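Residues per chain are reported as follows:
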Amino acid sequence: MDRYRIEGGRPLKGIVTVRGSKNGILPILAGVMLTKGETILHHCPSIADVHFTLEMLEQLGCRIQKQNRSIIINTNDCKNIDINSKSVQKMRSSILFMGALLGRFKEVNIGYPGGCEIGLRPIDLHLKAFREMGVSIEEEKGILCCDASKCIGQKINLDFPSVGATENCILLATISKGHTTIYNAACEPEIVELQTFLNLCGANIKGAGTECISIEGVQELHGAEYTVSPDRIEAGTFLCGAAITKGEIELKNVCADNMRQVLLRLGEAGCIIKEQKDSIYLKAPQKIKPVSRIHTGPYPDFPTDMQPQFMSVLTLASGTSIISETVFESRFKHISELCRMGADITVEGQTAIIKGVKSLKGAYVCGRDLRCGAALILAGLAAEGETVVENACYVKRGYEQIEKVFTSLGANIVLE
Ligand code: UD1
């Protein structure tokens, strides 16, 4: 069961409810390790990255119960264990357990993280910030041995507004002594979500969503009940699916304010978009228009996680568009595959020049990371004939049964 088979050419039509956010829930699950007692999370997406993180929590002694889309986690019997390289390499966000476990147990041994290969993705910013807060970190055979017994709040200046480094600093500072201020913090909605959750648990964090976050350390956190926010990248992917197939869809459970750049660009491409409180309606044009140059960047700029999917849409535009990827250096793996489907894209360094073509042709293509796989599925939905997208495992990391969602909207797609 590792590939999608798609018969393209059917417009996506209908209503779909957006699931809980992958990048929202992952740091929250790490944050649960800071709490004592029971936490109940609602609207959790059933995706591989969440399943894997829950396995890690179980290894750490959490008791976990699932009820439909809710997950109940009891941390009363938690113990500190070494998180080996194998676990951490499965998923980059497991590095967030470094901040969370250091906060709770004051020491942790953890391997270097893995995840989708979309660039070098070092963790130097995480380590620099931790060291500034007084954490001693020694590396032994690829394992980071960290001791936070002398950790104290500090003024931290991130050289780049890294999402993960911001989250890791918040996690550590939340139950450390003293006051921490993070400057040049990432402003992503998922940071706000982490702040909201931790404050519900008794933390004292202010400023998330701005470049300056201040954290007054508290002694301990208790459990809380929290509903995970809608996934803005899943929502954007579905909208792009409707745009590329000349479809018409309505998304429910969505926050348009968190998706401004994507909505603006879909509008520029000729889509009619109507927003209501928790819903977005999109009707695609008969022909996609090219858009002015897109640069991906930290929030609120255009999200790098939507770049591949949006590029698929632009392959069918009535002119040329340009996308520069400024966040990750290897996030163009979809391009060679899109070209196999008849797209006309050239790359100059970190910039892709996309000349719109009349149509895409079905082909055998390979998803090489999560969003690359999603972009190829979208291209397959619009292409003439059959497309096979290999490596469904990547897509399953971040989308819950995407084939069922698209089938419910009228597409012909199966997972096999
Ligand atoms: C998070 C998201 C991911 C998204 C990315 C950027 C999660 C689970 N993942 O990833 O979906 O694509 O934000 O929006 O939330 N960097 C360094 N040193 C560091 C840390 C980062 O050089 O210590 C670089 C990275 O290599 C990358 C850039 O900074 O080029 C952005 O990375 P970062 O914001 O940290 O992304 P993640 O937290 O890994």
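Rules behind the numbers
- Residues numbered from 1 in each chain as written.
- Predicted model: local features only at pLDDT ≥ 70, side-chain atom pairs only at ≥ 80, totals over all residues.
- Heavy atoms only, no water.
- Helix = DSSP H or I, 4+ residues; strand = E, 2+ residues; numbered from the N terminus.
- Buried < 20%, exposed > 50% of the residue type's maximum accessible area, 1.4 Å probe, protein only.
- Lys, Arg positive; Asp, Glu negative; His and termini not counted.
- Salt bridge = Lys/Arg side-chain N within 4 Å of Asp/Glu carboxyl O.
- Polar contact = N/O pair within 3.5 Å; in protein donor to acceptor, adjacent residues only side chain to side chain.
- Contact = heavy atoms within 4.5 Å.
- Phe/Tyr/Trp six-rings, centres within 6.5 Å; stacked < 30°, edge-to-face > 60°.
- Core = buried A, V, L, I, M, F, W, Y, C linked by side-chain atoms within 4.5 Å.
- Near = heavy atom within 4 Å.
- Nonpolar A, V, L, I, M, F, W, Y, C, P; charged D, E, K, R; others polar.
- Pairing = 2+ DSSP bridges.
- Axes fitted to C-alpha atoms, helices over the stretch in contact; angles between N-to-C directions.

In this fold, R104 is placed in helix α4 (residues 96-105). Of the side chains with opposite charge, D77 lies nearest to the buried R104, which makes no salt bridge, at 8.2 Å. A polar atom in the side chain of R104 sits 3.3 Å from the backbone oxygen of T75. For R104, the residues in contact, after removing those within four places along its chain, are M33, L34, T35, K36, T75, C78 and I175.

Note the cis peptide between Y299 and P300, where omega equals 10°. Following the sequence through the fold, P300 ends up in the loop between β19 (294-295) and α10 (307-314). Even without being glycine, H43 reaches a positive phi, approximately 60°. Structurally, the position occupied by H43 is in the loop between β4 (38-42) and α2 (48-59). In this model, K246 sits at a positive phi of 60°, which is unusual for a non-glycine residue. Looking at the element boundaries, K246 is found in the loop between α8 (232-244) and β16 (248-252).

It is worth spelling out the packing of aromatic side chains at this point. What the rule picks out here adds up to three aromatic pairs. When the centroid spacing of 5.9 Å and the interplanar angle of 65° are considered together, the rings of F197 and Y226 count as edge-to-face. Of this pair, F197 sits in helix α7 (residues 189-200) while Y226 is found in strand β15 (residues 225-227), placing the two residues 29 residues apart along the sequence. Taken individually, F197 and Y226 each receive the classification buried, so the pair is uniform in this respect. With a centroid separation of 5.7 Å and 75° between ring planes, the pair formed by F238 and F406 is classed as edge-to-face. Placement of the pair is F238 in helix α8 and F406 in helix α14 (residues 402-408), with a sequence separation of 168 residues.

The subject of this paragraph is the nonpolar core. Counting residues in hydrophobic clusters, the biggest one holds 72 residues, and the most contacted among them are I73, M98 and L198. By size, the runner-up hydrophobic cluster in this structure holds 70 residues, among which are A269, A317, L338 and V395.

Neighbouring residues of the ligand: 18 residues in total, closest R92, D124, S162, D305 and V327. Within the side chain of N23, an N or O atom sits 3.0 Å from an oxygen atom of the ligand. Separating an oxygen atom of the ligand from a backbone N or O atom of P122 is a distance of 3.2 Å. The leading source of residues in the shell around the ligand is helix α5 (residues 124-132), at three residues. Of the residues that constitute the shell around the ligand, the class distribution is seven nonpolar, six polar and five charged.

Using the criterion set out here, one finds 19 salt bridges in the structure. Among the ionic pairs, E400 bridges to R69, the shortest N-O distance being 2.4 Å. With a gap of 331 residues between them, E400 in the loop between α13 (392-398) and α14 and R69 in the loop between β5 (63-67) and β6 (70-74) connect regions that are remote in the sequence. Put simply, K252 and E250 hold a salt bridge, and the shortest N to O gap is 3.0 Å. Note on K252: relative accessible area 34%, which makes it partly exposed. A single salt-bridge network, built from bridges that share partners, covers R5, E386 and E416.

Each strand in a sheet pairs with its neighbour through backbone hydrogen bonds, running either in the same direction (parallel) or in the opposite one (antiparallel). One open sheet accounts for three strands, arranged β7-β9-β8; its pairing is antiparallel. Looking at strand neighbours, the two that pair on one side only are β7 (107-111) and β8 (136-140), the edges of this open sheet. Ignoring strand direction, the axes of neighbouring strands in this sheet form an average angle of 20°. Strand direction decides the pairing type here: β7 and strand β9 (residues 143-147), joined by five bridges, are antiparallel. Counted as the bridge partner of N109 is C145 from β9. Its contacts with the sheet put α4 on β7, β8 and β9, and the angle it makes with β7 is roughly 160°.

Moving on, we come to the pairing of β16. What you see with β16 is a clean split: I249 and L251 sit on the buried side and E248, E250 and K252 on the side with no burial. In terms of strand pairing, β16 meets strand β18 (residues 279-283) through five bridges, oriented antiparallel. Across the sheet, I249 pairs through a bridge with L282, a residue of β18.

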